[in-house]
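# What the coordinates show
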Amino acid sequence: MLSPKPQRAILGGLNDAQRRAVTSDAATVAILAGPGSGKTHTLTARVVWLVDHVGFRPEDVIVATFTVKAAREMKERIGKALGSGRENRIILGTFHSIARRYLAAYGRHIGLSQKFGIAVDADSREIIGRICKRLQSGIDPYAARAWISKKKAKGTEAASSNAAAQKAAKVPGLQHLDQCYREYQDHLERSNLLDYDDLLLRCAELLRKFPSCVSNVQAVLIDEYQDTNGVQYELMKLFAQRHRRITIVGDPDQSIYGWRSAEIRNLWRLLREFPDTDEVSLEENYRSSQSILDLSLLVIQQDKKRYQKALKPIHNKGSRPVLRKLKSASAEADWVVSEIKRVMMMSGSMLTHNDVAILLRTAALSRHIESSLGKAGIAYRMVGGHKFYEREEIKILLDYLRVIHQPENNDALARIINFPQRGIGKITVERLLEEAETSSLSVWAVLWKHCRGDRTAKTKLTKPAEQKLSVSLLRPLDDIRKQIGEASGPNGTPFGLVQMIEQLLATLDFQKQLQKEHPDDYEQRWANVQEFISLAADFVREMDRSDEDALPEIEGLQQTKEVEVLPRFLATVSLASDAQTGDDSHDNKPLVTISTIHAAKGLEWPVVFVPAVYNGSIPHVRAEDSDEERRLLYVAMTRAQSLLYLSYPVFGPNGNGERNELSPFVEPVSGSFLKKGPCFDRPVLGEIARILQRKLPPEDSIFKTLPAMFSPEDNLFPVDPEESRQDVKGGFSRGEFQSGENTSRIKRPRLHGPSAGQAHSEEVQWRREYTTTMEQSSTVTIASLPGFVSVGAHQAAITAANTTSEATQKAERIKRSSSRRPADQKSIVGFVRTVSGSARSAAAARIPESAKHNDAVPVRNPFAVQQPESAPTAQAIDPGLAGHKLGRGKLMTRPAVPNEEKPVRRTQYACFSSSPPRPAAAEDGKGNNSVEPDDDEPPPPPTRPAACLHATTFNLPKGLGGAIKRPAGLSRERITPLERLRKPFKPLTINRS
DNA sequence: CCACCGATAGTTTTT
DNA sequence: CTATCGGTGG
């Protein structure tokens, strides 16, 4: 295990460019590449190469990422490749966490107290808010904070430059801002806190003054380099100051952190400062279908200033992305949910909810989506946004822990001083803070001395308040603090974190307090507390398992060992935005992911929805850099592997007719999108399967799970919501095709009545009714199932054959002719009335048509199914089927169908064997697509038999197989093992659990 | 001076 | 949906 791996173990599965990047002998390597090109995979492989082939010690390698999630994933990947737990020795993490580790170990060399804490966002905001209020200078606290952070993030090099000075001079109220900055910094220092920017700045200071801290470092690798800001750039160089070996990967098109002072400029800066940098570009995209990539490129290319890169699709064309227009945000959410359901249903077991992501510009947009998913009973997880740690009850607990750790943290103390209520209000708190500041004592010290009689606080406290403070705050916390000190003695068994929290909960009588304060939702909150405890337990366990925060010993340099759990736990919480409940494993339920676009960077999903693509959301109203907003959309779009949906509500949320405009980034290319979800016929599903390298389930297994009355089309919402009222009156909307579903058709458009809210509730109601029908129908007759299925499949087939824009006209002609079938309708309705006497058996109404088709009609033009069928059929079937029970079982017992299908297929396969096997993707970027009818090609003839799923599954009477002329494209669902092997590189699929 | 009530407005993205 | 503001009652 410890012996060097053979090269091919490291390099296997890499393409030439990737291999070159991994094995480059150059000191600095810059890997520039577009999305889905295996950047991170390449970086990972280079780490393994450096350790296993070049022979660097893992602890001499620094790998920096930007998000906790990315770090975790990187570590996991490296761990898999490296083995022996050596990944734990690599100094790997976010810039901030690495900086913190160095500061914890060596901070005292630059006069940093050992017990520094981290001021999170909320802390900074609060502190600055208070300062602004006190200064009365009329600065917007929000602007002040942004200004301060920007100033810090610039880094020392840039800050000293003339340009920065000139720019700064232009800012109005500079004096006030500067003063605010100074006071903020003073406050942090007094409270022994570092904010996020300080972590980087102070670490840079440390490494500049004490280069020996990083004298062991052989190589530095940076992921998502385009997101580095000024300090981070300096830090990177400082990390690598000994050997100047740096590897970066990045994509300027995915720079979406400009607001956090990320500078794409750093890329050119690096190339200038390290002229011998080996530049490698990765051009193949292994993630997305060609059409997704094409459209994404159309979007990003609107930025004329951007650095152009090649991006070659490896996959087939795939189905065209969808741009869907909905009436309101809630209709949009409902549509997303309906489309998710449809995709899940139509793809059988190939896709699960885990494969779906909904990516949002802002976390706040999730509200409608969450409620729609909730109503549909679809489980989801929301990533991004600091939800968990921002919960009130969790915040309080954390603040207690912070005060235990740092009694001098006045802000944390101020927040817990009156929870539970101790009769100390806002005003007293303000006075205490002021007194502490003027007497240069911490609030804790003031109170402590006061209660012990050493010094009487100038702030007057009532007797009961004094009492409560002493009994339920000062003493208990001091006790805990003592226990920590005692236990972490020679024996090294520290006072357990969980134990500590539990003691805290007990002394505060936390559960009762919660009950008192929040009688209505106290259970939820208490559950959160439990979750918090289990999180802490996980943390402790993880920490024991791998001592990942340790830095390698360096001779002649004193290091402070971090032995205490608490500070590390607090730091981890502060530096991790999401609570990442590590144990998603306890229920393996597939979850739909809702995420901000920012948090989705670096990830991929088979199916991606990007709602709210309207002006004001993307680009966001408050965004100052429109190009960055465009890149954001680009990032979102390129997360998708096989299905991409954009959507937007036409009307704003206030119901006052305020209109949303389609995002200017999408508008110019809106014609390239489908107007509604694609039809999931066999070829389309086959393409999806091939992109994902999954097995497409046989269609009968898909269809037998389809509920009756399930709509295989994206037709529950009007394509143009503004015409929806006319649709209701007319019964049919132009461009919306329905064949045998007239009864339900009439109902559906009503969902989108004048009021969005109303439409919403109606929709839900209607669905319930639907479900009921479906449940009942399963006990009615067998034929309802295949009967329905055939119609659905059939529609799917027709639409599939006509999805292209040129084909639309033709499709409409077909649609119109097919929907005009008065004779048929009448006979069906008559059937329904006589058999069940209930209008809800619309599904059953389709039995005759398809049943007859199945049994009696030989395979032919699929549209032939549309021909009116006669009433006698219905009668003929009714008695025969009356006794049948459940559709599913029956389906499987139909021997003729599946048995006959196989030989037929084999025959067809043999037929195709005359053409060469599909070339492996790497050999020919185009060849693999050749079987896919291009969107721009003329539509296939309407007689295209394969488009009829129905025919392939159910309708091939013995001996007819050879008669079917199936176009070459139709067996695409096959993925031969050979093809799979030939895939030059399969990026590790990210485990998003 | 503290606690509670209702109304109100306002909400990017992350370490 | 939730911090914040302004008012009232203890």
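Note that this is a predicted model, so its numbers are computed, not measured.

### Notes on the overall build of chain A
Secondary structure assignment for chain A yields 42 helices and 16 strands. Classification of the 993 residues of chain A by burial places 57% in the buried group. Residue pairs at least 24 apart in sequence account for 81% of intrachain contacts in chain A once pairs closer than 6 positions are excluded. Taken as a whole, chain A presents about 42000 Å² of accessible surface, with 53% of it coming from carbon and sulfur.

### Observations concerning the environment of threonine 362
With respect to the helices and strands, the residue threonine 362 is situated in the loop between strand E12 (356-360) and helix H16 (366-376). Assessed through its relative accessible area of 23%, threonine 362 is described here as partly exposed. Sequence separation between threonine 362 and phenylalanine 703 is 341 residues, and the spatial gap between their C-alpha atoms is 37 Å. If near-sequence neighbours (up to four positions away) are discounted, threonine 362 is found in contact with Thr596 and His620.

### Let's talk about the packing of helix H24 (residues 510-517) against helix H25 (residues 522-545)
Orientation of H24 relative to H25, taken along the N-to-C sense of each, is 150°, at an axis distance of 9 Å. The orientation of H24 with respect to H25, classified from their angle, is roughly antiparallel. Pair H24 / H25 crosses with right-handed handedness. Each of Phe510, Gln511, Leu514 and Gln515 in H24 lies in contact with H25, whose residues at this interface are Tyr522, Arg525, Trp526 and Val529. Its residues assigned to classes, the contact of H24 with H25 shows 5 nonpolar, 2 polar and 1 charged.

### Here's the deal with the sheet that holds strand E14 (residues 592-596)
Taken together, 6 strands build an open sheet; the order of strands is E11-E16-E15-E12-E14-E13 and the sheet is parallel. Whereas interior strands pair on both sides, the edge strands pair on one side only; in this sheet they are strand E11 (322-326) and strand E13 (380-383). Adjacent strand axes in the sheet meet at a mean angle of 20° when their direction is disregarded. The pairing of E11 with strand E16 (residues 640-649) spans 5 bridges and is classified as parallel. Along E16, the bridge assignment pairs lysine 325 with tyrosine 648. Lying over the sheet, helix H29 (residues 682-692) contacts strand E15 (605-610) and E16, oriented at roughly 120° with respect to E16.

### As for the pairing of strand E2 (residues 61-65)
With 5 of its 5 residues buried, E2 lies for the most part within the structure. Here E2 shows no split at all, with Val61, Val63 and Thr65 on one side and Ile62 and Ala64 on the other all buried. At this point the chain moves from E2, through helix H4 (residues 68-82), to the parallel strand E3 (residues 91-94), and the crossover so formed is right-handed.

### Here's the deal with the side chain of serine 124
Along the polypeptide, serine 124 turns up in helix H6 (residues 121-135). In terms of polar contacts, serine 124 uses its side chain to reach the side chain of tyrosine 184, at 2.9 Å. Residues contacting serine 124, with those up to four places away along its chain left out, are Ala119, Arg145, Tyr184 and Asp195.

### So, helix H12 (residues 230-239)
Across the 10 residues of H12, 10 count as buried, placing the element largely inside the fold. The complete set of buried residues in H12 reads Gly230, Val231, Gln232, Tyr233, Glu234, Leu235, Met236, Lys237, Leu238 and Phe239.

### A short note on the pattern of salt bridges
All chains considered together, the criterion is met by 54 salt bridges. Note that lysine 482 and aspartate 478 form a salt bridge whose closest N and O atoms lie 3.3 Å from each other. Of this pair, lysine 482 and aspartate 478 both sit in helix H22 (residues 463-487), 4 residues apart, which is roughly one turn of that helix. By relative accessible area, lysine 482 is classed as partly exposed at 47%. Linked by salt bridges that have partners in common, Asp123, Glu126, Arg130, Asp399, Arg402, Asp411 and Arg415 make up one network.

### Looking at the confidence of the model for chain A
Confidence in the prediction of chain A, expressed as mean pLDDT, is 73, and 68% of residues score 70 or more. By mean pLDDT, helix H41 (residues 949-954) is the weakest element of chain A at 26, and strand E6 (residues 219-222) is the strongest at 98. Under a pLDDT of 50 for its full length, residues 581-586 has, in the predicted model, 4 contacts with residues more than four places off or in other chains. In the model, residues 726-993 has pLDDT below 50 throughout and makes 381 contacts with residues more than four positions away in sequence or in other chains.

### With respect to helix H2 (residues 16-23)
Along H2, the positions that sit buried rather than exposed are Gln18, Ala21 and Val22. Seen end-on, H2 carries its buried residues on one side only, within an arc spanning 100°. Turning to H2, the residues buried within the fold contact helix H1 (7-11), strand E1 (28-33), helix H3 (39-54) and strand E8 (278-282). Put simply, asparagine 15 is the residue that caps the front of H2, since its side-chain oxygen is 3.1 Å from the backbone nitrogen of alanine 17.

### Let's talk about the nonpolar core
Counting 56 residues, the largest nonpolar core has Leu401, Leu447, Leu504, Phe510, Phe532 and Phe569 as its most contacted members. The element that contributes the greatest number of residues to this core is H25, accounting for 9 residues. The contacts of leucine 401, once residues within four sequence positions are left out, are Met500, Ile501, Leu504, Phe532, Leu566, Phe569 and Leu570. Listed in part, the 47 residues of the second largest apolar core include Tyr106, Leu199, Tyr225 and Phe239.

### Some words on the packing of helix H18 (residues 392-405) against helix H26 (residues 565-575)
It is the contact of H18 with H26, at a shortest axis distance of 10 Å, that shows an interaxial angle of 135°. Compared by their axis directions, H18 and H26 come out oblique. Crossing of H18 over H26 shows left-handed handedness. On H26, the residues touching Leu398, Leu401, Arg402, Ile404 and His405 of H18 are Leu566, Pro567, Phe569, Leu570 and Val573. A class-by-class count of the residues in the contact of H18 with H26 yields 8 nonpolar, 1 polar and 1 charged.

### Comments concerning the packing of aromatic side chains
This structure, assessed with the given rule, holds 14 aromatic pairs. The ring of tryptophan 444 is capped by arginine 481, whose NZ or CZ atom sits 4.4 Å from the centre of that ring.

### With respect to the UniProt feature "binding site: ATP" (unreviewed entry) in chain A
The positions UniProt marks with the feature "binding site: ATP" (unreviewed entry) are Ala33, Gly34, Pro35, Gly36, Ser37, Gly38, Lys39 and Thr40. Positionally, glycine 38 belongs in the loop between E1 and H3. On the basis of relative accessibility, which here comes to 10%, the residue glycine 38 falls in the buried class. By the element assignment, threonine 40 lies in helix H3. Note on threonine 40: relative accessible area 23%, which makes it partly exposed. Not counting chain neighbours up to four residues away, the residues in contact with threonine 40 comprise Met74, Arg77 and Asp223.

What counts as what
- Residues numbered from 1 in each chain as written.
- Chains lettered and ligands numbered in written order.
- Predicted model: local features only at pLDDT ≥ 70, side-chain atom pairs only at ≥ 80, totals over all residues.
- Heavy atoms only, no water.
- Helix = DSSP H or I, 4+ residues; strand = E, 2+ residues; numbered from the N terminus.
- Buried < 20%, exposed > 50% of the residue type's maximum accessible area, 1.4 Å probe, protein only.
- Contact = heavy atoms within 4.5 Å.
- Areas by Shrake-Rupley, 256 points an atom, 1.4 Å probe, with all protein chains shown as cover.
- Axes fitted to C-alpha atoms, helices over the stretch in contact; angles between N-to-C directions.
- Parallel < 35°, antiparallel > 145°, perpendicular 65-115°, else oblique.
- Left-handed = near helix turned anticlockwise from the far one by under 90°.
- Nonpolar A, V, L, I, M, F, W, Y, C, P; charged D, E, K, R; others polar.
- Pairing = 2+ DSSP bridges.
- Right-handed = clockwise from strand over helix to strand, strands pointing away.
- Polar contact = N/O pair within 3.5 Å; in protein donor to acceptor, adjacent residues only side chain to side chain.
- Salt bridge = Lys/Arg side-chain N within 4 Å of Asp/Glu carboxyl O.
- pLDDT = per-residue confidence, 0-100.
- Arc of directions from axis to C-beta.
- Core = buried A, V, L, I, M, F, W, Y, C linked by side-chain atoms within 4.5 Å.
- Phe/Tyr/Trp six-rings, centres within 6.5 Å; stacked < 30°, edge-to-face > 60°.
- Lys NZ or Arg CZ within 6 Å of the ring centre and 35° of its normal.
- UniProt positions renumbered as here; feature names shortened; annotations may be inferred.

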